[in-house]
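Listed below, chain by chain, are the residues.
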Amino acid sequence: IEVRGAHYVSVRPSVPAPAPRLVAYSSEVASSLGLSAETCESDEFLQFFAGKVPEAVPCWATSYGASFAGRYGGQRGDGRAISVGQVNGLEVQLKGAGTTPFSRRFDGRAVLRSSVREFLASEAMHHLGVPTTRALAVVASGDTVQRAWYDSQGRERVGLEPGAVGARVAPSFLRFGQFELFYQRDEPALLRALAVHALGRDFAHLRLQEPEAPLSRLLVLLFREVCERQARLVAEWLRVGYCQGNMNSDNSALCGVTLDYGPFGFLERFDPMHCPWVGGGAEYSFGRQPQAAAINLSILSEAWADLLRAVATEEGLTRAEADEAVQQTREGVSSVFVDAFHATHDEHNRRKLGLVSWDDDAAELWTSLFGLMATRSGPQGIDFTVFFRSLGDLTNDLPDGGDGLAAARAAATAAAAAAAGGGGR
């Protein structure tokens, strides 16, 4: 359904749960919401997160647009995610809780397989130090859902799988696509209201840092911080070998966390062109994630530029002052994002190689190492994780003194041989 003139719609969970069963919950996430172990193991908790939310609790789903590698694709929305509240600064969503006006032709459901996968992956990412949504719980619904999946021969089959509802939390679920939607529809009032909401919700510290700053200045600062957060997020993905798979703009969170664990994957054998999503291709491959993020930010910057010009007019700024604000916004992509990504990525690489500092020689070493890993990719190639573990083991045995970079090259070559020779997981 095409929803206009609103940021969200009220909707109720409609998932049938004839025999709900608590599969797992995160005590750490529960604690952040003020929930005790006793509460999480209660029937009230089970029923609530199975989708039986009391009528007095407001529930909502949001609409958003989506760009696919820079090409706008129209309205999307929370097709199976329903927000059920905000607690201690965290928004709580049920995923797989039933249809919404944005479900299109889909059933609004989730299966146990994918729900457990998101639970484990998001909690693992958090403990690896990667910004991410968090998983609160998985509840099996007690019924079945029809899904296409692969058999042992890799052939796609349609069958019935156990249904489930996943509960996840984040500071917010504001997506790039929400701003794109109102920009593309020429709904400036809704675009402005959403930006002001984001400023107060995810970026309230900017007002504290510059309490006298006009809205135009705060919006520039907000966008540049979004660029910095995205840069650091993608650098973290590359550090741990994570590939988002589907980097459409609706899967990019304004607050800079990993969002929507759909067709994601972790590298095993190193392949910079690996993409776990069959529809992703080279544009969303592991090695091109920084470029994909920059494209999404560039699309968002167009909405931001439009918003800034309107706000500048309200504030009585001159044409030159408005142009300067827009330029600072666009430099968020060309300068802030690029600089923050390289600074973070280089630091991760320095630590992976055990170097004291990062300079041109170190960068050359990394480039040659990347080439070594890439040339040995494929079925018999280098295991991404095992390689760096092997490198750590080998460098412990290096003699002191001499040419440190030469020793690192030798160690890298030896580690590559070890990782390619049977270190698979």
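Residues numbered from 1 in each chain as written. Predicted model: local features only at pLDDT ≥ 70, side-chain atom pairs only at ≥ 80, totals over all residues. Heavy atoms only, no water.

Peer 1: What's the story with a negative patch on the surface in this structure? I'm lost.
Peer 2: Side chains of Asp359, Asp360, Asp361 and Glu364 sit close together on the surface and give a patch of like negative charge. Topologically, Asp359 is positioned in the loop between helix H10 (319-353) and helix H11 (360-375). Note on Asp359: relative accessible area 38%, which makes it partly exposed. (Patch = residues over 30% accessible without salt bridge, like charges linked within 9 Å, V, L, I, M, F, W, Y side chains within 5 Å. Areas by Shrake-Rupley, 256 points an atom, 1.4 Å probe, with all protein chains shown as cover. Salt bridge = Lys/Arg side-chain N within 4 Å of Asp/Glu carboxyl O. Lys, Arg positive; Asp, Glu negative; His and termini not counted. Charge placed at Lys NZ, Arg CZ, Asp CG, Glu CD. Helix = DSSP H or I, 4+ residues; strand = E, 2+ residues; numbered from the N terminus. Buried < 20%, exposed > 50% of the residue type's maximum accessible area, 1.4 Å probe, protein only.)

Peer 1: How should I be thinking about the pattern of salt bridges in this particular structure?
Peer 2: Where charged atoms of side chains with opposite charge meet at close range, the side chains can pair. According to the stated counting rule, one finds 25 salt bridges in the structure shown. Between Asp323 and Arg319 there is a salt bridge, with its nearest N and O atoms 3.5 Å apart. Of this pair, Asp323 and Arg319 both sit in helix H10, four residues apart, which is roughly one turn of that helix. Residue Arg319 is classed as exposed on the basis of its relative accessible area, which comes to 65%.

Peer 1: Before we go on, may I ask you to explain the pairing of strand E3 (residues 60-68) in this structure?
Peer 2: Side chains on a regular strand alternate between the two faces of the sheet. Here E3 lies mainly inside the structure; eight of its nine residues are buried. With three bridges connecting them, strand E1 (residues 8-10) and E3 associate as antiparallel partners. From the neighbouring strand, Tyr8 faces E3, where its bridge partner is Thr62. By the bridge criterion, five bridges tie E3 to strand E4 (residues 71-77) in an arrangement that is antiparallel. Within the sheet, the bridge partner assigned to Tyr64 lies in E4 and is Arg76. (Pairing = 2+ DSSP bridges.)

Peer 1: How do you make sense of the packing of helix H6 (residues 188-201) against helix H8 (residues 215-240) when you look at a structure like this?
Peer 2: Each packed pair of helices is defined by two parameters, the angle between the axes and the distance between the axes. At a minimum axis separation of 11 Å, H6 and H8 run at an interaxial angle of 70°. Our classification of the angle between H6 and H8 gives roughly perpendicular. Listed contacts from H8 to Arg192, Ala195, Val196, Ala198 and Leu199 of H6 are Leu215, Leu218, Leu219 and Leu222. Taken together, the residues of the contact of H6 with H8 sort by class into eight nonpolar, no polar and one charged. (Axes fitted to C-alpha atoms, helices over the stretch in contact; angles between N-to-C directions. Parallel < 35°, antiparallel > 145°, perpendicular 65-115°, else oblique. Contact = heavy atoms within 4.5 Å. Nonpolar A, V, L, I, M, F, W, Y, C, P; charged D, E, K, R; others polar.)

Peer 1: Mind showing me how you'd approach unusual backbone geometry here?
Peer 2: Negative phi characterises most residues that are not glycine, and trans characterises most peptide bonds. Of note in this structure, Ala69 is not a glycine but carries a positive phi near 50°. The exposure class of Ala69 is buried, given its relative accessible area of 19%. Positive phi values are uncommon outside glycine, yet Asp260 reaches one of about 65°. Summarising the element assignment, Asp260 is placed in the loop between strand E10 (242-243) and strand E11 (265-266).

Peer 1: Honestly, the nonpolar core in this entry has me stumped. Any pointers?
Peer 2: Among soluble globular proteins, nonpolar side chains are generally buried collectively. Membership of the largest hydrophobic core comes to 74 residues, with the highest contact counts inside it found for Phe179, Leu254 and Trp304. Counting residues per element, this core draws most heavily on H8, at 16 residues. Among all residues touching Trp304, those that are not within four sequence positions of it are Phe179, Ala195, Leu219, Leu222, Phe223 and Thr329. Counting residues in each nonpolar core, the second largest holds 31 residues, with Val11, Ala97, Val139 and Ala167 among its members. (Core = buried A, V, L, I, M, F, W, Y, C linked by side-chain atoms within 4.5 Å.)

Peer 1: For this particular structure, what's the right way to read the packing of H8 against helix H9 (residues 289-315)?
Peer 2: Where H8 meets H9, the axes come as close as 9 Å, and the angle between the chain directions of the two elements is 175°. By the criterion of interaxial angle, the relationship of H8 to H9 is roughly antiparallel. Note on element contacts: H9 touches H8 through Gln289, Pro290, Ala293, Leu297, Leu300, Ser301, Trp304, Leu307, Leu308, Val311 and Glu315, opposite Leu215, Ser216, Leu219, Val220, Leu222, Phe223, Val226, Cys227, Gln230, Val234, Trp237 and Leu238. Here the contact of H8 with H9 is composed, by residue class, of 18 nonpolar, four polar and one charged.

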